[in-house]
Amino acid sequence: MSDLRDLYQELILDHNKRPRNFRKLEGANRSAEGYNPLCGDRVTVYLKFEDGVVKDVSFDGSGCAISKASASVMTESLKGKTLAEAKALFEKFHKLVTGKSHDAPGSPDLGKLVVFSGVCDYPARVKCATLAWHTMTAALRGDGKTVSTEESF
Ligand code: ZN
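Presented here is a report on the structure given in the accompanying data block. (Residues numbered from 1 in each chain as written. Predicted model: local features only at pLDDT ≥ 70, side-chain atom pairs only at ≥ 80, totals over all residues. Heavy atoms only, no water.)

Positioned with a positive phi, N21 is a non-glycine residue whose angle comes to about 55°. Of note, N21 is situated in the loop between α1 (2-17) and β1 (30-36). On the basis of relative accessible area, N21 is assigned to the buried category, the value being 15%. In the Ramachandran plot, D51 falls in the positive-phi region, its phi being about 55° despite a non-glycine side chain. Tracing the sequence through the fold places D51 in the loop between β2 (41-50) and β3 (53-62). For D51, a relative accessible area of 72% gives the class exposed. (Helix = DSSP H or I, 4+ residues; strand = E, 2+ residues; numbered from the N terminus. Buried < 20%, exposed > 50% of the residue type's maximum accessible area, 1.4 Å probe, protein only.)

Those protein atoms acting as donors to the zinc ion are C39 (SG), D41 (OD), D41 (OD), C64 (SG) and C128 (SG), and they sit at 2.2 to 2.7 Å. In the primary sequence, the donor residues of the zinc ion line up as C-x1-D-x22-C-x63-C. Taken as a pair, C39 in the loop between β1 and β2 and C64 in the loop between β3 and α2 (65-78) lie far apart in primary sequence, 25 residues in all. (Donors = N, O, S within 2.8 Å, 3.2 Å for Na, K, Ca; no water.)

With that out of the way, let us pick up the packing of helix α3 (residues 83-97) against helix α4 (residues 126-141). Helices that pack against each other are described as a pair by the angle of their axes relative to one another and the distance between those axes. Close contact between α3 and α4 brings their axes to 11 Å; oriented N to C, the two are set at 165°. In terms of orientation, α3 lies roughly antiparallel with respect to α4. Relative to α4, α3 is oriented so that their crossing is left-handed. Facing L83, A86, L89, F90, F93, H94 and V97 of α3, the residues of α4 in contact are V126, A129, T130, W133, H134, M136, T137 and L140. By residue class, the composition of the contact of α3 with α4 is eleven nonpolar, four polar and no charged. (Axes fitted to C-alpha atoms, helices over the stretch in contact; angles between N-to-C directions. Parallel < 35°, antiparallel > 145°, perpendicular 65-115°, else oblique. Left-handed = near helix turned anticlockwise from the far one by under 90°. Contact = heavy atoms within 4.5 Å. Nonpolar A, V, L, I, M, F, W, Y, C, P; charged D, E, K, R; others polar.)

On inspection of all chains with the given rule, the structure shows zero disulfides. C128 provides the cysteine sulfur closest to C120, a residue in no disulfide bond, and the two sulfurs are 14 Å apart. (Disulfide = S-S within 2.5 Å.)

This part covers the packing of α2 against α4. The interhelical angle for the contact between α2 and α4, taken along N-to-C directions, is 45°, at an axis separation of 7 Å. Comparing the axis directions of α2 and α4 gives the class oblique. Remark: the crossing between α2 and α4 carries right-handed chirality. Residues I66, S67, S70, A71, M74 and L78 of α2 form the contact with α4, whose participating residues are C128, A129, A132, W133 and M136. Taken together, the residues of the contact of α2 with α4 sort by class into nine nonpolar, two polar and no charged.

The following block contains the structure:
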């Protein structure tokens with residue numbers, strides 16, 4: 001298992017160093033800002049949401065390696081997803097990083113998101129890992145408020 005952990009670590013570091021879709025999205029019709037005061041992570045998520053599908057997604061901001069890598073992998077995971085699929089994926093990802101993961105029948109495939117499974121050993125990092133996801137959800141809701149991990153959802 002430690003080899004797997006090393007591989008996961010490498011992937012997270014790689015996404016931190018070279019975050020994917022790290023830019024303001026041209027033609028985005030949804031966006032939201034997120035803030036994790038416990039760590040100082042800030043993220044803005046941009047979405048092009050059309051016909052009930054995430055056509056494109058990007059982010060920018062600054063934060064720790066986990067928050068940045070998580071946002072990066074999230075953008076790769078969300079393209080082409082419907083609102084319901086995006087929500088189901090967040091739910092499963094949240095269970096993974098809080099250590100409540102179990103494979104319920106019909107639950108979505110986490111794909112690359114499994115690299116964050118180690119986060120459940122570091123409860124303080126859960127908010128770093130989920131910040132971009134909370135922000136994405138707020139962007140899809142379209143209420144335009146800044147999301148803080150210290151508010152209830
Ligand atoms: Zn953080």
